[in-house]
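# A closer look at the structure
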Amino acid sequence: MSILPSANLHLRGLYDTTVEFFALRSPGISSRAPSSHDHDSDSSPHSRTLTPVPDPIARLTRECASLRERLDAADGRQDTCTCSASSDPQLPPMSIRRDLEDARRELSQTKTELSKLEARCRMLERTLKETKALLKARDAEISARTRSNAEKQHNGGARRGFEANGAVTVLAVDEQRALTKSSEVFMTKTDSWSGAQVLQAVQDLNSEILQFAAAATELSSFDKKSHSSSSSKATHQAVQETASRLGPNLARILSSRDHSQDPMLVQLALQGCISTCVARALTPFCMGFPSKPDGILSQIYAHMYMAESQPTSSRWRALTHRHIHTMYPYLNDYSINELSETMYRWSSDILFIAGCPTSDRYALSTRDGMRAKFGDQIKRISRTVSHLAQVTREEIMSTRFEIVAIENDGGFDSRRMMDAFGEYGSSRGAILITTEVGLRCSTRKDIPENAGESGSAPVPEVEQRLLLQPKVVLDSVVDLIDPK
C-alpha cells in the first residue's frame, strides 16, 4: 500500500526530532554546571555543536496532529477500497452505527403510524357504509310516507263535498278537545310533587310530632300537689288559655287528674297541641302574613277557585304566593319563628297544668325550658310545615291539597276521621283532640249542565278525596287509660 512508506518516513522524522528534543532536555546536560574545561572545549574550533531547535514541543504537537489526520484519512480510504475485496469483516465507524440506529428507529415509528392510519381508514370506511345504509332506509321510508299521504289526500278529496255541512261543528269540538287535552298535559307537567310525595311528607310530619310528645313526656315529672305551691292566678290563666286553644274538656282532664303514674293523657295532649298548631298555620293563604291582607287574598282565591278553571286559579295562587315572599324575603323566617314560639308556649302550658313543677326557669313547664331542651326539634317541625306550605301552594297546579284537623266541637264520624284507640273498644264519646293531621285533595271539574245538548254552560263541581284520615282521641279514652 502507498500509505505505509509515507507513514514510515513520518515516523523516522518523528524519531529524529525526539532524539534532538531529549538531547536538549536531558537532565545530565541541563543540570550540570559549566566548568573551565567545558568552556575551553566550547571555544575550541574542533568542538561539536548541535542543531538548534526553535520549539520542539510545538513542532511535535503539529506533526502528531498531522499524522493523526493522515492516518484517519488513510483508514477511511482503506475501508472504502477493501470493504468489498477483504474477506475479514470490518466494524463500521460509530457515526455509521448511530445513523443506522436512527434509521431503524424512524422506520419503526413510521410502521406504527402506518398501522394506526390503516385502522382508522378501515373504521371510516365501515362508518361510511353504515351511514349510506341508514340514508337509504330513511329515503325509502320518506317515499312510502309521501305515497301514503298522497293517497289519503286523494281519498279525502272525494269525501270533502259530503262533509262540508258539518265541518264547522266538528272543528269546534276538535279544538275544544285539543285545548282540554293540552291543559291536562300542562297541569301534569307543572306538578313538581306527586300526591304520594305529599302524603309521605304529612306522614313524616306526624311521626316528628309523636317523637317530640313522647320525649317531652318522658323527661317530665308530675306532681298533683305542685299547683298548691305555685300561684293560683298563674294556674287559672294557663287553664283558661289551654281551654280556649284545645277545648275545655281537655283542659279540665289535664288539670284535675293525677298523671304521676301514667302520663299517657299528657302525651296525647302534647300531640294534639302540636297538630293543632300545624293545621292552623297551614290554613291561611300565606303562612305568617298579616291577618287582614291574608283574609282578602283568601276570599279572592275562593271566588276564583269556583269561577275559573283549576289551572287558572292554581296558577294565580302560585304566582301570588311566590311574589309575596319575593317582596318580603324575611317572611319565611318570621313565620317559622312565630310558629315555634307558639309551640313552646302551648306545650309548656300543658305541662304546667298537668302538674309539672316549675322549680326553676329551665323546667319544661316554662317556655325557656322547653326552648332549651327541644328547640332544635320544634324548629325542625316548623321548617317542615313551612316547606309543605310552599309546595302545596306553588308547585302543584292540578289539584289543591289541604291539611285536615278535626275541631273538638263535633261528633265522631268514621268516614272523615279515625279513632286512635278504636282497636281497644267501640268509638263513643265526644272528640277530645286531634293527634295526627290528615290530608285532603280537592279538584275542580267543569261538567256541562246537559251533556247531550251542545252549547250548555258548564257547572263547576269540586271533587274531594280524603287521602289520609286524621286521628282523633275521644273522651272515652279516659276510662280506658285510667279505669275506676
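Computed from a predicted structure; not experimentally measured.

Calculation rules
- Residues numbered from 1 in each chain as written.
- Predicted model: local features only at pLDDT ≥ 70, side-chain atom pairs only at ≥ 80, totals over all residues.
- Heavy atoms only, no water.
- Helix = DSSP H or I, 4+ residues; strand = E, 2+ residues; numbered from the N terminus.
- Buried < 20%, exposed > 50% of the residue type's maximum accessible area, 1.4 Å probe, protein only.
- Areas by Shrake-Rupley, 256 points an atom, 1.4 Å probe, with all protein chains shown as cover.
- Axes fitted to C-alpha atoms, helices over the stretch in contact; angles between N-to-C directions.
- Left-handed = near helix turned anticlockwise from the far one by under 90°.
- Contact = heavy atoms within 4.5 Å.
- Nonpolar A, V, L, I, M, F, W, Y, C, P; charged D, E, K, R; others polar.
- Parallel < 35°, antiparallel > 145°, perpendicular 65-115°, else oblique.
- Expected span 1.5 Å × (residues − 1).
- Arc of directions from axis to C-beta.
- Pairing = 2+ DSSP bridges.
- Core = buried A, V, L, I, M, F, W, Y, C linked by side-chain atoms within 4.5 Å.
- Phe/Tyr/Trp six-rings, centres within 6.5 Å; stacked < 30°, edge-to-face > 60°.
- Polar contact = N/O pair within 3.5 Å; in protein donor to acceptor, adjacent residues only side chain to side chain.

Looking now at the overall build of the chain. When its secondary structure is counted, the chain shows 16 helices and six strands. Here the chain holds 484 residues, and 30% of them are scored as buried. As presented, the chain carries roughly 31800 Å² of accessible surface, and 55% of it is formed by carbon and sulfur atoms.

Close contact between helix H10 (residues 248-256) and helix H11 (residues 264-281) brings their axes to 10 Å; oriented N to C, the two are set at 145°. For the pair H10 and H11, the crossing hand works out as left-handed. Judged by residue contacts, Leu 250, Ile 253 and Leu 254 of H10 engage Leu 265, Val 266 and Ala 269 from H11. Split by residue class, the contact of H10 with H11 holds six nonpolar, no polar and no charged.

At their nearest, the axes of H11 and helix H14 (residues 331-353) sit 10 Å apart, and the two run at 155° to each other. Between H11 and H14, the crossing angle belongs to the class labelled roughly antiparallel. Along this stretch, H11 crosses H14, giving a crossing that reads as right-handed. Note on element contacts: H14 touches H11 through Leu 339, Thr 342, Met 343, Trp 346, Ser 347, Ile 350 and Leu 351, opposite Val 266, Ala 269, Leu 270, Cys 273, Ile 274, Thr 276, Cys 277, Val 278, Arg 280 and Ala 281. Grouping the amino acids of the contact of H11 with H14 by side-chain chemistry returns 13 nonpolar, three polar and one charged.

On to helix H13 (residues 310-327). Taking 1.5 Å as the rise per residue, H13 with 18 residues should run 26 Å; its terminal C-alpha atoms sit 26 Å apart, in good agreement. Of the positions making up H13, those classed as buried are Gln 310, Pro 311, Ser 313, Ser 314, Arg 317, Ala 318, Thr 320, His 321 and Ile 324.

Taken as a whole, H10 has its buried residues at Leu 250, Ala 251, Ile 253 and Leu 254. Axial view of H10: buried residues confined to an arc of 165°, hence all on one face. Its buried side turned inward, H10 meets helix H9 (232-246), H11, H14, strand S3 (431-436) and helix H16 (477-481).

On to the sheet that holds strand S6 (residues 471-474). Pairing is mixed across the open sheet formed by three strands, whose spatial order is S2-S6-S3. This sheet does not close on itself; its edge strands, each paired only once, are strand S2 (418-419) and S3. Pairing geometry for S3 and S6, over four bridges, is antiparallel. Counted as the bridge partner of Thr 434 is Val 472 from S6.

Next up on the list: the nonpolar core. Residues Phe 212, Ile 274, Val 278, Met 343, Leu 351, Ile 381 and Val 385 are the most contacted members of the largest nonpolar core, which totals 61 residues. Considering each element in turn, this core owes the most residues, 10 residues, to H11. Cys 286, Leu 297, Tyr 305 and Leu 331 belong to the second-largest nonpolar core, a separate cluster that totals eight residues.

We now examine the pairing of S6. In terms of strand pairing, S2 meets S6 through two bridges, oriented parallel. The residue bridging Asp 419 from the neighbouring strand is Val 472, located in S6.

Our next topic: the packing of aromatic side chains. The final tally for this structure, using the stated rule, is six aromatic pairs. Seen from their ring centres, Phe 285 and Trp 316 are 5.8 Å apart, and the 55° between their planes marks the pair as tilted. Taken together, the residues span a long stretch of sequence, with Phe 285 in the loop between H11 and helix H12 (291-307) and Trp 316 in helix H13 at a distance of 31 residues. Residues Phe 421 and Tyr 424 carry aromatic rings whose centres are separated by 6.1 Å and whose planes lie at 45° to one another, so their mutual orientation is tilted. Assessed through its relative accessible area of 18%, Phe 421 is described here as buried. A relative accessible area of 55% means that Tyr 424 is categorised as exposed. Among the aromatic residues, those joined into a cluster by ring pairs are Phe 285, Tyr 301, Tyr 305 and Trp 316.

Structurally, Ser 476 can be placed in the loop between S6 and H16. A polar side-chain atom of Ser 476 sits 2.8 Å from the main-chain carbonyl oxygen of Arg 428.

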